[in-house]
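So you can see what is in the structure, the chains are spelled out below.
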Amino acid sequence: MGCLKQPAFCKMGNSYAGQLKTTRFEEVLHNSIEASLRSNSLAPRPVFSQLYLEAEQQLSALEGGSRMDNEDEEEEGEGGPEPNCAPNPYQMLPPPEGCCTTDGFCQAGKDLRLVSISDEPIDVPAGFLLVGAKAPSLPDHLLVCAVDKRFLPDDNGLNALLGFSGNCVGCGKKGFCYFTEFSNHINLKLSTQPKKQKHLKYYLVRNAQGALTKGPLICWRGSEFRSRQTSTSVGPCSLFLPPESAGPQAAFSSEPISGTIPGIPVGPQQAGCAASHPSLAAAVAPAVFNGKDSPKHQQLVKTNPVAVARPLALGILSNSGPPKKRHKGWSPDSPSAADGGCPQGGGNRAKCESAGMSRMPQVGLVGPASATFPVVASGEPVSVPDNLLKICEAKPVIFKGHGNFPYLCGNLNDVVVSPLLYTCYQNAQSVSRAYEQYGASAMQPISEEMQLLLTVYYLVQLAADQVPLMEDLEQIFLRSWRESHLTEIRQYQQAQPPPFPPAPGALAPVTSAQLPWLAGLAASSCNDSVHIIECTYSLAEGLSEMFRLLIEGKLAKTSYVVIICACRGTAIDSCIAVTEGNIDIWLDKFHKENQGRISSPLTASSVTKSSMLDVGGAPVCTSYNLEPHHIRPFQLAVAQKLLSHVCSIADSSTQNLDLGSFEKVDFLICIPPSEVTYQQTLFHIWHSGVLLELGLEKEHMTRQRVEQYVLKLDAEAQTKFKSFLQNSFQNPHTLFVLIHDHAHWDLVSSAVHNLYSQSDPPVGLVDRLLNCREVKEASNIVTLHVTSFPYALQTQHTLISPYNEIHWPASYSNGVDLYPENKKYFGLSEFIESTLSGHSLPLLRYDSSFEAMVAALGKRFPRLHSAVIRTFVLVQHYAAAMMAVHGLSQMKNHTSVETLEITQNLINSPKQCPCGHGLMVLLRVPCSPLAAVAYERLAHVRARLALEERFEIILGSASSGITVGKHFVRQLKLWQKIEDAEWRPRTYLELEGLPCILILSGMDLHGESLPRSLRYCDLRLINSSCLVRTAVEQELGLAAYFVSNDAPLEKGARNEALESDADKLSSTDNEDEEPVTEAGAPSEKRSPVKRERCRSHGSASSSCSSKASSSAPCGESSAQPGEQTRSPLPCGPSEESRAPGERQRPQASQGPPSAVSRHSPGPVLQPDSSLKTSQRGAPVLGTSSSQLPSPGSSSSSTAPTASTLVLQTSQCSLTKALRQPPIVFLPKLVYDMVTSTDSSGLPKAASLLPSHSVTWASSFRPLLSKTMTSTEQSLYYRQWTAPRPSHMDYGNRAEGRMDSFHPRRLLLSGPPQIGKTGAYLQFLSILSRMLVRLTEVDVYDEEEININLREESDWHYLQLSDPWPDLELFQKLPFDYIIHDPKYEDASSICSHHPSMRSEDRGMSRKPEDLYVRRQTARMRLSKYAAYNTYHHCERCHQYMGFHPRCQLYESTLHAFAFSYSMLGEEIQLHFIIPKSKEHHFVFSQPGGQLESMRLPLVTDKSQEYIKSPTFTPTTGRHEHGLFNLYHAMDGASHLHVLVVKEYEMAIYKKYWPNHIMLVLPSIFNSAGVGAAHFLIKELSYHNLELERNRQEELGIKPQDIWPFIVISDDSCVMWNVVDIDCGGERSREFSWSERNVSLKHIMQHIESAPNITHYALIGMRKWSSKAGSRQVREPFSRCHVHDFIILNVDLTQNVQYNQNRFTCDDVDFNLRVHSAGLLLCRFNRFSVMKKQVAVGGHRSFHITSKVSNNPVAVVPAQYICAPDSKHTFLAAPAQLLLEEFLQHHSHRFFPLSLRNHGHPVLSVDCYLNLGSQISVCYVSSRPHSLNVSCSDFAFSGLLLYLCDSFVGASFLKNFHFLKGATLCVICQDRNSLRQTVVRLELEDEWQFRLRDEFQTANAKEDRPLFFLTGRHI
């Protein structure tokens, strides 16, 4: 067989290309009849399948019937013999000269317009009629003509003579014999060939007043179905639609409506949804699906908007999908193998008044109501029985066929008569005439008998789930005719001789006598679905017989009734009636049959195992646990990143944010105007506890209080926002965070808002509020934009700096899990990944059946918006699927596999849980009116099926809250253990576990979160016509999900359908196919059809279960062989894999089995299991042990073998939901866009325009890359996108410049549903904590040590109320040698004349590294008098700090200052760095000249404006953390503050403290300790005192009047306190006291104003402790050690020096020196200093490491000394530091007798060295006239001589007594000095030395080690 070429006449209409058989139809027909008679099968060989319906491509043009025009629009080819021919070219003759050419007038100049001559008398000759002609140039007028009625058609559109005869009623000219001539005369001015059929439109009739008016349409042939009513325009119905009566009873609902139409309303169609067209909601037909997936053919929708029906009429679209199984010869690749849809004969839908459907008149009505389709009667009329519709529950639709049709009378509202089949027959007859017109030889058209017989055969071969389509019939007729005239056609086409032999001669044609018999024979195999009635006289008797059979119920199984009357000789009369009902008929029937017999689903099917009962016996589900609020690691990381960015803004030199000035945090969250999002945000705030943490609310806060912090951007937003602004203005010390959530919404500029200020919702509100001048200029408002789609905020004009963008971090970096979580986020990229090859479970899918249907309807109804078509088609799917799942199995063919799967799981999931938990199905309907229609229809179907308590249907919109039925509210309260009687769910998250369909409407989403029970995300209705990246990602973001980390999705396929129906509702009709095996089975083992069905063109369609799958092998788990599958099984019931006979049922009282086979999961005992298996196979429905297997369970799942019992587990669907993200159904266009990638692997959707509000800056731009990070994508959009003029950033023109960015504006972006709300709420918490932390400080809080060692005698200063010490009283106080500072807890105690000391043992010493860690601290709120580090910024101290926004860094100059000191043997040269602003404190030889001295005030100066004493603060390693900002501590008073720094740190300190005076130590002190700094400070100060005395003496000032004091302060002194005492009397023991914070200025001025102050050498204060008792503060002054903050009299202490070599305890050593020199030390006990815990710098900055090793390994203190000349590893540390550290930890090696022997201390001469807490020392000074303790009572256990000078002599040492065996340690600078000292002091007389007792510090020779010599007392 060859391929016939495309026929030449294809240009005249639809083209039909495909394989044609050479066998003639009659031969095949007779052979088929003969074969069927001989066969045992009931089905004949599928003649039509082989002959006419194979290999047909999709129709290139779906025409047939008029286009959708208004009533005045003209159509080409109407009424002609060639209805599809191209129009003839026509050249109009020029009019005669001088004639009238005005439109509406004849050439004689007479007016012909109906409006002008309607009242004029017109002479009409006999046999003529007045008609109205239409002129293209006058569309609003009719021209009156008189035409011979013989040339006009009769009421049936027939019997009009060819040609024309007419008269002009204007000028009276008669005898026009050609319409061309007549059209020229009346000035029609046509551009095409004039035809009377096109331009003679209406009969004209006289009304009651005698005026001529427009009458009925002239019924030209073929135009019956194109008629219009004059009152309303009705679209053409080329869908072979039956017109319908306007009676109240309609086909799809029991509720009456105002009217239905078979066509479509016409008029301008908007680009948007149907909201602007009130009638659109009722205008589109319901879909009929058969569930097949063929992508090649489109399917049909019916005119009824909300019903699915069995066909009532023929359509014109080709079928798609295979027929029933009985048609063995059907080719699986046949294009007609997919189902089509059928136009339903009208009917009402769910209430459509809300959509504004207007009443529309009907077309094609039978009887007097119709002037459109006059019916030619023949014989007696036929009476339509009363109550026909009520009895039959359906309106019969009668299609006129051949010949005459009888009159109908009676109950005409219960039948519908349609001429469409007649038109189809007539069109088939016209094909031959088309050939003849173009010169072909005469060819006979197909006979009427053959047409009718082909129609019968076509109806017979239709499967139960298929619908008849008119195009199929036309195709059959055309092929039959073409085969009959193959030779003639080829001759006409002048084709080459074909490669196959010519067709054999024609057989004898079918006669009218044979027709009834052949038709009956053909119908005999269809099980009475087609019924033949043969009439003897006329069709009237056949129609009467049909009505009788309908009334008697004998046509219950019949779909089509064919009535044939062959009594008129060669002519036949015929008609075909469609008698089957539709969905609502089935619904009503089901409702009536089951009324009262439907029990509550939650009680009838609930599983109540004993293991799942709570204490009270109520069922308990272990899978239902609402997660408590907690912060995930990701959210905490993002919150910390946000905080880091805020700190960066504060730390920048621009000073745009002063965090130090804020005391608390407040916030306002702005959200889109969505009630659910509003409630959801309130929910998050409430449960996060952020309001309590920020201190904004108390414990018992109300919802009304929480609402103050959320702003819904609606019409009332402006008032609330003004209140926010006012609050921020009134609270300058509160940091307000303005959070703009869902920030990509409403980016319209406020200029547009001004144009549409009354719009709802308001547009431009975000710009008007958040970008207002007050927000931009407020220094205490930080704006945070939060969105998942930041692209529109990343343009060339954006206000947000790229440095202020925070992107959600990636989960992995280089394969390392950065933030381990127990849940995995499943977002867009993961959904796309699931569609790739190698993944068995695509989570993104599309519905090919649905797409085919929608595409077909889109072509049929080009002016109807696709959203309307898609919505109503999908609603029909769900309606039919509900019916199919609930028992009406025949309805499964009217929905798709995908929708059936969704509905099955929705309805059956509550059965699997003892509590009735179910799944959520999200149905996204962007258009709100369409969403309302969908809701009403689905609710109606649910009600008729009595499923109201099985699942809920919720209509979600932005403007309204959630409405849930009382029954389901009770369930939710029970599940969530809510006692509040008034509680209602306010957010979708609270619908957890509720089986429901959530219809989410609205063109934009507003950030609504969905619960974990979301299982299906149906996005088939999203608008795919105007896609941008934001829109695509926003819609897909609905399905974003967190799944348990222990459930990898790729391990195996999962069958989604819960096969609850006995015959597997989602199964195919191919029972003989090979079963689908497990996921690991090779794909080539599947049949081609099954592979196509399961993958559905790109793995997109949902997996479907075959009927054979119930016996399919078990799915293999991913566990390795031998691996035990742990119990319980984590997957849901539809995931279980089970083999018959392999289940075990353990006893209820037993625990889980210890080992379960991999195919035998144990019972479900806990919801969270880490079993990493994913199996596929037949699911098992859980039933209780006392319950019979439900009809829905498969036979194999309920049949136990003899050896084992089948374990029927009941598992909640939530278990599965926690482990698997939702399945998403997309439109095909969106699916292709999302899943396709470019060359770099980037999804093409990412390359779309990012947002509607932006535009590409250039078409010559690089492409996005898959490897781009979020930051790189942001920079890409910032470079290549620009805002449109309507964008709120459009006016921000400073492109690319930093000053165009708002400094306090941040952008947080992250994937949808990932937890951004929790992250920014956590950010608010840690920001508040940080601000509190900035206003708080950890200070040392330690109790004084050794307080019990003080005696109660005359040690106390008893004048309790003295503000200053009385000098005489104070001089009488003895000095307290005991160290009380807790930081010296590990130091050696100092012995005095206290006998109690001798028995005191202070225990074991601490490790050195624990000294800092173990010290106790307390967190204190910073007062306004605190000292600050460099992180503090405020307006008050900007100038003090040297930073100012409008000034450069303060200039400073370097000055050298030299003085000589004999002890060093050389001149000391120091350097001062003096800022210009501080030069007034110094004296220069001339301006800018040599520094001479530092100015000192006078003792007699009483000014309160400044502090007299210069403050020196030695510091190292604390340039950032040192507390050098004393501005607030000094309360703004003028003071001189000098930082003493080492030379190598000068630059860094100068950078951080540019306005501070620096004293730079000489480089030789770079490695020195604090002793060197103290030594130089004191010596410099004394030298400066001498200089000032000399300078001012010249001014007449006495030397003793110069202020001699300086302050030496630690760099960690943070606050100062004073104790207020309320004494009952001078000697009273009872007193009260309180402590308060005061400024350092207050303390200093108090001390400096003390009388006789110059008589004190050292003044200090107590270290603060919260544990200080009245004993410490009772006496106001003490004579004891002072530390940390001292006021030093450099004049009195001229001869007492700090030890420049010391690193530790130098203050104790200096205190002892001062006291021994006879000077006074006074501690003000009523003053205390708080010391901040600073973890960096200070003495801890010295790290002792090996000098030779490159690897700095810590060295233990025992290795700090070694024998001289040994090969010991030398250390990189000063010798003095090694000595001090060694003695602190290992002095017992030198003084063994002294260990814990406090009664016999070590005698330490002229120095105090820390020998550890277990050894006591006794300090004595060798200086003449020194004050020393009485040593006569002591027998010392050791002697320590440290660098002793000439004051120490042999005679001095002979004054002390030593124990026998006491040890000696002599320390000198070198070995030579060591020997000289031994000789000079005559030590060998009393001490024994050995060579091995000589040591040195572990220093190299160039580092000048110290040398030791030890000996034993003889």
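Quick note: structure is the one above.
Fair warning: this is a prediction, and the values are worked out from it, not measured in the lab. (Residues numbered from 1 in each chain as written. Predicted model: local features only at pLDDT ≥ 70, side-chain atom pairs only at ≥ 80, totals over all residues. Heavy atoms only, no water.)

Participant: Describe the overall build of the protein chain, listing the residues and the values that go with them.
Facilitator: Along the backbone of the protein chain there are 45 helices and 54 strands. In the protein chain, buried positions account for 59% of the 1914 residues. Counting only carbon and sulfur atoms, one obtains 51% of the accessible surface of the protein chain, whose full area is about 76000 Å². (Helix = DSSP H or I, 4+ residues; strand = E, 2+ residues; numbered from the N terminus. Buried < 20%, exposed > 50% of the residue type's maximum accessible area, 1.4 Å probe, protein only. Areas by Shrake-Rupley, 256 points an atom, 1.4 Å probe, with all protein chains shown as cover.)

Participant: If you had to explain the pattern of salt bridges to someone new, which residues and values would you point to?
Facilitator: Across all of its chains, the model carries 48 salt bridges by this definition. For E774, the salt bridge is made with R773, and the minimal N-O distance between the two is 4.0 Å. Note on R773: relative accessible area 51%, which makes it exposed. Put simply, R1871 and E1894 hold a salt bridge, and the shortest N to O gap is 2.9 Å. (Salt bridge = Lys/Arg side-chain N within 4 Å of Asp/Glu carboxyl O.)

Participant: Give a description of the packing of helix α8 (residues 448-461) against helix α11 (residues 514-523) that names residues and reports values.
Facilitator: Look at α8 against α11: their axes get within 9 Å of each other, and the N-to-C directions meet at 10°. Accordingly, the angle class assigned to the pair α8 and α11 is roughly parallel. Residues E449, L452, L453, V456, Y457 and V460 of α8 form the contact with α11, whose participating residues are L515, L518, A519, A522 and A523. Taken together, the residues of the contact of α8 with α11 sort by class into 10 nonpolar, no polar and one charged. (Axes fitted to C-alpha atoms, helices over the stretch in contact; angles between N-to-C directions. Parallel < 35°, antiparallel > 145°, perpendicular 65-115°, else oblique. Contact = heavy atoms within 4.5 Å. Nonpolar A, V, L, I, M, F, W, Y, C, P; charged D, E, K, R; others polar.)

Participant: Explain the packing of aromatic side chains to me, using residue names and the numbers behind them.
Facilitator: Summed over all chains, the structure comprises 36 aromatic pairs. Centroid distance F721 to F724: 5.7 Å. Interplanar angle 40°. Geometry classified as tilted. Taken together, the residues F721 and F724, both in helix α19 (residues 717-730) and three residues apart, mark about one turn of the helix. Taken as a pair, F721 and F724 share a single burial class, namely buried. With a centroid separation of 5.3 Å and 75° between ring planes, the pair formed by F1524 and W1553 is classed as edge-to-face. Separated by 29 residues along the polypeptide, F1524 in the loop between β38 (1511-1514) and β39 (1537-1541) and W1553 in the loop between α38 (1546-1552) and β40 (1557-1560) bring together distant segments of the chain. Exposure remark for W1553: the relative accessible area of 0% places this residue in the buried category. One aromatic cluster is present, formed by F1834, F1836, F1852, F1856, F1858 and W1887 through successive ring pairs. Note that K214 overlies the ring of Y202, its terminal NZ or CZ placed 4.6 Å from the centroid. (Phe/Tyr/Trp six-rings, centres within 6.5 Å; stacked < 30°, edge-to-face > 60°. Lys NZ or Arg CZ within 6 Å of the ring centre and 35° of its normal.)

Participant: Before we move on, could you go through the pairing of strand β8 (residues 397-400) and cite the residues and values that matter?
Facilitator: Taking every second residue as pointing to the same face, both faces of β8 are buried, with V397 and F399 on one and I398 and K400 on the other. By the bridge criterion, four bridges tie β8 to strand β13 (residues 571-578) in an arrangement that is antiparallel. In the sheet register, I398 faces β13, and the bridge partner there is A577. With three bridges joining them, β8 and strand β10 (residues 416-418) adopt parallel strand pairing. Paired with F399 across the strands is S418, a residue of β10. (Pairing = 2+ DSSP bridges.)

Participant: Account for the environment of T1269, with residues named and values stated.
Facilitator: Positionally, T1269 belongs in the loop between β29 (1254-1256) and α33 (1270-1280). For the pair T1269 and A810, spaced 459 residues apart in sequence, the C-alpha separation works out to 9.5 Å.

Participant: Help me get a handle on the side chain of H199, residues and values and all.
Facilitator: Take H199: it is sitting in helix α5 (residues 196-199). For H199, the contacting residues outside a window of four places in its chain are G132, A133, K134, F179, L188 and L190.

Participant: Mind laying out the packing of helix α25 (residues 866-885) against helix α27 (residues 928-944), listing which residues take part and the relevant values?
Facilitator: For the pair α25 and α27, interaxial distance at closest approach is 10 Å and the crossing angle is 15°. Comparing the axis directions of α25 and α27 gives the class roughly parallel. Judged by the sense of rotation from one axis to the other, the crossing of α25 with α27 is right-handed. For the pair α25 and α27, the contacting residues are A867, V868, T871, F872, V875, Y878, A879, M882 and M883 in the first and L930, V933, A934, R937, L938, V941 and R942 in the second. Here the contact of α25 with α27 is built from residues that sort into 13 nonpolar, one polar and two charged. (Left-handed = near helix turned anticlockwise from the far one by under 90°.)

Participant: Break down the sheet that holds strand β14 (residues 664-671) for me, citing the residues and quoting the values.
Facilitator: With respect to topology, six strands assemble into an open sheet ordered β15-β14-β16-β17-β31-β18, the strand pairing being parallel. The sheet is open, and its two borders are formed by β15 (710-712) and β18 (805-807), each paired with just one other strand. Strand-to-strand twist in this sheet, taken as the mean axis angle between neighbours without regard to direction, amounts to 20°. Note: strand β16 (residues 734-741) against strand β17 (residues 781-787), six bridges, orientation parallel. Paired with L738 across the strands is T783, a residue of β17. Sheet strands touched by helix α34 (residues 1316-1334): β14, β16, β17 and β31 (1305-1309). Its angle to β16, the strand with the most contacts, is close to 170°.

Participant: Give a detailed account of α11, specifying residues and quantitative values.
Facilitator: Summarising burial for α11: seven of the 10 residues are buried, a large majority. Among all positions of α11, only L515, P516, L518, A519, L521, A522 and A523 are buried.

Participant: Please set out the environment of M1661 residue by residue, giving values where relevant.
Facilitator: For M1661, the position within the fold is in strand β44 (residues 1658-1663). Overall, M1661 belongs to the buried group, its relative accessible area being 4%. The spatial distance from the C-alpha of M1661 to the C-alpha of V1682 is 6.7 Å, given a sequence separation of 21 residues. Look past the residues within four positions of M1661 in its chain and what remains in contact with it is W1616, I1643, F1685, R1723, F1724, F1727, S1728 and V1729.

Participant: Can you tell me about the sheet that holds strand β50 (residues 1817-1820), naming the residues and giving the values?
Facilitator: The seven strands are arranged β48-β53-β54-β52-β51-β49-β50 in an open sheet whose pairing can be described as mixed. Strand pairing shows two members of the sheet lacking a second neighbour, β48 (1761-1762) and β50, which therefore form its edges. Pairing of strand β49 (residues 1802-1805) with β50, which is carried by four bridges, proceeds in the parallel orientation. By the bridge assignment for β50, V1802 is matched with V1817.

Participant: Tell me about unusual backbone geometry, residues and numbers included.
Facilitator: In the Ramachandran plot, K189 falls in the positive-phi region, its phi being about 55° despite a non-glycine side chain. Structurally, K189 can be placed in the loop between α4 (179-185) and α5. Look at K189 and you get partly exposed, because its relative accessible area is 38%. Even without a glycine there, the phi angle at E1882 is positive, about 55°.

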